Amino acid sequence: MIEPTATSAPPRALKPQPLEAVPAYRLAPRVRPEVAWSLARLALDGGMLLAAVLASSLGSRAAGVDAAPAGWLALFAVLVVAAGAVSGMYRPRLRADILDDLRGVVTSTSLAAMAALTLRELLTEPADLSAQSLRPWAFATVYLGAGRVALYWSRASARRHGESLRPTLIVGAGRIGRLMAKRLQSQPGLGLKPIGFLDRDPMAAADDEVRLPVLGASWDLERVVAAYGVEQVIVTFSTAPHE
């Protein structure tokens, strides 16, 4: 049910515009932003782990102490990525939280270090096992944490400039729907870009409300999603049927 606006005379309802009459938001086929973000995190972690194990080995040689064998360092890096994948560090998500990422980094490197330490203790007899395990863990934790902070800052900056936003369709062009569109436009950090509404009986927008096109009614959902590359649908109050 649509709520009337508080005006002296109720505004005349707008007719949904046909798809052909609306400026095209059609998007070329591309990787979804969440998938691209997940791949970026995985690639960044791989690069940071490589840099960390190299720095650990070079630092050990410069200090005149034995470095962990290359095979065990490679296994440690694989275990870090595996622990991160199991904990959900590479799952697509709507909003990134840098504190969650940093906690995940510390957890993954710690679990990987303990696993590698246990395996080496069972399978070999190294002279300085604790130092050889602690140094790669420290380098990996610092490097991965720094990489995540840099990536988080880069993504936040891109969203503030309107990049990497998911085309979003709002079902319901009433007061609540327009308020939702206004909030999404004012908070690009959410990663959602409203492109229009679906409503068979939309309300006219007030002067201070978001003016987006009405792309059709609820039964046009599949066509609109396909035509405009919609990646997110938000349902608010409308006169759309519930089927």
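Worth saying up front: this structure is predicted, and the values here are computed from it rather than measured.

Per the secondary structure count, the protein includes six helices and three strands. When the helices and strands of the protein are listed from N to C terminus, the series reads α-α-α-α-β-α-β-α-β. Here the protein holds 243 residues, and 40% of them are scored as buried. The long-range share in the protein, meaning contacts at least 24 apart out of those at least 6 apart in sequence, stands at 79%.

Attention now goes to the sheet that holds strand S1 (residues 166-171). With respect to topology, three strands assemble into an open sheet ordered S2-S1-S3, the strand pairing being parallel. In this open sheet, the two strands that pair with only one neighbour each are strand S2 (192-198) and strand S3 (232-235). Strand-to-strand, the axes of this sheet are offset by a mean angle of 30°, without reference to chain direction. In this structure, S1 lies alongside S2, joined through six bridges in parallel fashion. Note on S2: the bridge partner recorded for valine 171 is leucine 198.

Mapped onto the elements of the fold, serine 56 is located in helix H1 (residues 33-63). The residues touching serine 56, leaving out its near neighbours within four places in the chain, are Arg135, Pro136 and Phe139.

Now for the pairing of S1. S1 sits mainly inside the fold: six of its six residues count as buried. The alternating pattern of S1 places Arg166, Thr168 and Ile170 and Pro167, Leu169 and Val171 on opposite faces, both of which are buried. Bridge count between S1 and S3: four bridges; the pairing is parallel. The residue of S3 that forms the bridge with threonine 168 is glutamine 232.

Moving on: a nonpolar patch on the surface. Residues Leu99, Leu102 and Val149 make up a contiguous nonpolar surface patch of about 240 Å² in total accessible area. Here leucine 99 shows up in helix H3 (residues 98-123). Leucine 99 gets classed as exposed once you look at its relative accessible area, which sits at 52%.

Now for the nonpolar core. Ranked by size, the top nonpolar core spans 11 residues in total: Leu49, Ala52, Phe76, Ala77, Val80, Met89, Val105, Ala112, Ala113, Ala140 and Leu144. Where this core is concerned, the elements lending two or more residues are H1, helix H2 (70-86), H3 and helix H4 (129-160). Those residues within four positions of phenylalanine 76 in sequence are excluded, and the remaining contacts are Thr109, Ala112, Ala113, Pro136, Trp137 and Ala140. Ranked by size, the runner-up nonpolar core spans nine residues in total, among them Leu198, Leu215, Ala227 and Tyr228.

Another point: the pattern of salt bridges. Using the criterion set out here, one finds four salt bridges in the structure. For arginine 148, the salt bridge identified is with aspartate 45, shortest N-O distance 2.8 Å. With a gap of 103 residues between them, arginine 148 in helix H4 and aspartate 45 in helix H1 connect regions that are remote in the sequence. Overall, the relative accessible area of 1% leaves arginine 148 in the buried class. Where arginine 103 meets aspartate 100, a salt bridge forms, and the shortest distance between an N and an O atom there is 2.1 Å.

What counts, and where the lines are drawn
- Residues numbered from 1 in each chain as written.
- Predicted model: local features only at pLDDT ≥ 70, side-chain atom pairs only at ≥ 80, totals over all residues.
- Heavy atoms only, no water.
- Helix = DSSP H or I, 4+ residues; strand = E, 2+ residues; numbered from the N terminus.
- Buried < 20%, exposed > 50% of the residue type's maximum accessible area, 1.4 Å probe, protein only.
- Contact = heavy atoms within 4.5 Å.
- Pairing = 2+ DSSP bridges.
- Axes fitted to C-alpha atoms, helices over the stretch in contact; angles between N-to-C directions.
- Patch = residues over 30% accessible without salt bridge, like charges linked within 9 Å, V, L, I, M, F, W, Y side chains within 5 Å.
- Areas by Shrake-Rupley, 256 points an atom, 1.4 Å probe, with all protein chains shown as cover.
- Salt bridge = Lys/Arg side-chain N within 4 Å of Asp/Glu carboxyl O.
- Core = buried A, V, L, I, M, F, W, Y, C linked by side-chain atoms within 4.5 Å.

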